[in-house]
Amino acid sequence: MKAQNKDCIPVLSIAGSDCSGGAGIQADLKTFGAHNVFGMSIVLSVVAENTVRVISSFDVPTKVIDEQFVAVFEDIPPKATKIGMLGSCEIIECVAHNLAHYKPENLVIDPVMFAKNGFALMPENIRNVFREKILRFADVLTPNIPEAQELCGFEIASIEDMKHAAKSLCDLGAKMVLLKGGHRQEDCSDVFFDGKDFFVLPSERIETKNTHGTGCTLSSAIAANLALGKTPLDSIKMAKEYVFNAILYALNLGKGNGPTNHFYNAPTI
């Protein structure tokens, strides 16, 4: 029987791994699968973590990172790319060099700085390097409030503060910014700035501790939707709905912040 080849859309994650499967590249690939796109990865760091703690993080040598870029882009160029954890100056320089060379389209950057337990996945001493070397490549930047405060250098408390921060991040080089409001107590609405207009996107808060990997999942869902031809605003709205349901039907695993359910609508889970 002759194989029935099917067209598919490739999407790339450039990030660290999470051996417990809830965040990082593992979450990204699950999210891509749930959106029926073909997931690929470039591993930057290997993180020993679970739902309770981060034990250690090992950075992949930059030569191996360069070779992963070559392997992906010479054969299966992605229709969208998501970038997550960038754990060292050397990795940031390496990734920036490759982004300038390959110029990936639909680039979503999640400035991962802290694990759920507060562990610094992007140490403080390299955040300026991230700001200077990486921000300018972002088609969509997806910081939460603590990350945006680190990048902007001022406190963010209100929706107006969020708008000011989103505009500031675009002034620093990002084309569009989705500033996530989940850390605000009174209103967890997000703010999206497309470079011209602001959109306040309301979000219903779900009372649960099982939110491990939600930032990774959201940015990957945005990338998948962009690859599928959706507009940035529609990609974000659809990604927010996907993450809401992944949290609503979260998996009861682990002793800490459990993982979301990337395949919540699959009959087997």
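Look up: the structure comes first, before these words.
Since the model is a prediction, treat every value here as computed from it, not as a measurement.

### Quick look at the pattern of salt bridges
When the charged atoms of two side chains with opposite charge come close together, those side chains can pair.
Right, so step 1: Here the structure, examined in full by the defined rule, presents nine salt bridges.
Right, so step 2: For Asp 139, the salt bridge goes to Lys 175, with nearest N and O atoms at 3.6 Å. You can see Asp 139 sitting in the loop between α4 (127-133) and β6 (140-141) and its partner Lys 175 sitting in the loop between α6 (159-171) and β7 (177-179), a full 36 residues away along the chain.
Right, so step 3: What makes Asp 139 buried here is its relative accessible area of 17%.
Right, so step 4: The partly exposed category is assigned to Lys 175, whose relative accessible area is 46%.
Right, so step 5: With a shortest N-O distance of 3.1 Å, Lys 167 and Asp 171 are connected by a salt bridge. Here the residue Lys 167 and the residue Asp 171 both occupy positions in helix α6, the gap between them amounting to four residues, near one helical turn.
Right, so step 6: Since its relative accessible area comes to 55%, Asp 171 is described here as exposed.

### Re the side chain of Asn 261
Right, so step 1: If you trace the backbone, Asn 261 turns up in the segment after α8 (232-248).
Right, so step 2: Given the relative accessible area of 4%, Asn 261 is considered buried.
Right, so step 3: In terms of polar contacts, Asn 261 uses its side chain to reach the backbone carbonyl oxygen of Tyr 249, at 3.2 Å.

### A closer look at the nonpolar core
Right, so step 1: Residues Leu 86, Ile 109 and Phe 130 are the most contacted members of the largest nonpolar core, which totals 46 residues.
Right, so step 2: If sequence neighbours within four positions are ignored, Phe 130 has contacts with Leu 86, Ile 92, Ile 109, Pro 111, Met 122, Leu 135 and Leu 151.
Right, so step 3: Formed by 23 residues, the second largest nonpolar core is a distinct cluster that contains Val 11, Ala 223, Leu 226 and Ile 236.

### A few points about the packing of aromatic side chains
How two aromatic rings sit relative to each other is given by the distance of their centres and the angle of their planes.
Right, so step 1: The full count for this structure, using the stated rule, is seven aromatic pairs.
Right, so step 2: Residues Phe 69 and Tyr 102 carry aromatic rings whose centres are separated by 6.2 Å and whose planes lie at 5° to one another, so their mutual orientation is stacked. Taken as a pair, Phe 69 in helix α2 (residues 62-73) and Tyr 102 in helix α3 (residues 89-102) lie far apart in primary sequence, 33 residues in all.
Right, so step 3: With relative accessibility at 0%, the residue Phe 69 sits in the buried group.
Right, so step 4: Taken together, a centroid distance of 4.7 Å and an interplanar angle of 20° make the contact between Phe 73 and Tyr 102 stacked. With a gap of 29 residues between them, Phe 73 in helix α2 and Tyr 102 in helix α3 connect regions that are remote in the sequence.
Right, so step 5: Take Tyr 102: its relative accessible area is 24%, and that puts it in the partly exposed class.

### Brief notes about the pairing of strand β1 (residues 10-18)
Right, so step 1: Counting buried positions along β1 gives nine out of nine residues, so the element sits mostly inside the fold.
Right, so step 2: Pairing analysis gives nine bridges linking β1 to strand β2 (residues 38-49), with the strands arranged parallel. In the sheet register, Ile 14 faces β2, and the bridge partner there is Ile 42.
Right, so step 3: Once the chain exits β1 it traverses helix α1 (residues 24-34) before rejoining the sheet at β2, and the crossover so formed is right-handed.
Right, so step 4: When β1 meets strand β4 (residues 80-83), the two strands line up parallel, connected through four bridges. By the bridge assignment, Ile 14 is partnered in β4 with Ile 83.

### Quick notes on the side chain of His 262
Right, so step 1: Along the chain, His 262 falls in the segment after α8.
Right, so step 2: For His 262, a relative accessible area of 3% translates into the label buried.
Right, so step 3: A distance of 2.8 Å separates polar atoms of two side chains, one belonging to His 262 and the other to Thr 217.

### Focus: the environment of Tyr 249
Right, so step 1: By the secondary structure assignment, Tyr 249 is in the segment after α8.
Right, so step 2: Given the relative accessible area of 47%, Tyr 249 is considered partly exposed.
Right, so step 3: Measuring from C-alpha to C-alpha, the distance between Tyr 249 and His 262 comes to 9.0 Å, with 13 residues separating the pair along the chain.
Right, so step 4: Excluding residues that lie within four positions of it along the chain, Tyr 249 makes contacts with Asn 261 and Tyr 264.

### Quick word on helix α5 (residues 145-152)
Right, so step 1: Among all positions in α5, only Ile 145, Glu 147, Ala 148, Leu 151 and Cys 152 are buried. When α5 is viewed along its axis, its buried side chains cluster within an angular range of 160° and face the same direction.
Right, so step 2: Tucked into the core, α5 has its buried residues touching α4, α6 and β7.
Right, so step 3: Taken from the residues just after α5, Gly 153 is the one with a positive phi, measuring 85°.

Rules behind the numbers
- Residues numbered from 1 in each chain as written.
- Predicted model: local features only at pLDDT ≥ 70, side-chain atom pairs only at ≥ 80, totals over all residues.
- Heavy atoms only, no water.
- Salt bridge = Lys/Arg side-chain N within 4 Å of Asp/Glu carboxyl O.
- Helix = DSSP H or I, 4+ residues; strand = E, 2+ residues; numbered from the N terminus.
- Buried < 20%, exposed > 50% of the residue type's maximum accessible area, 1.4 Å probe, protein only.
- Polar contact = N/O pair within 3.5 Å; in protein donor to acceptor, adjacent residues only side chain to side chain.
- Core = buried A, V, L, I, M, F, W, Y, C linked by side-chain atoms within 4.5 Å.
- Contact = heavy atoms within 4.5 Å.
- Phe/Tyr/Trp six-rings, centres within 6.5 Å; stacked < 30°, edge-to-face > 60°.
- Pairing = 2+ DSSP bridges.
- Right-handed = clockwise from strand over helix to strand, strands pointing away.
- Arc of directions from axis to C-beta.

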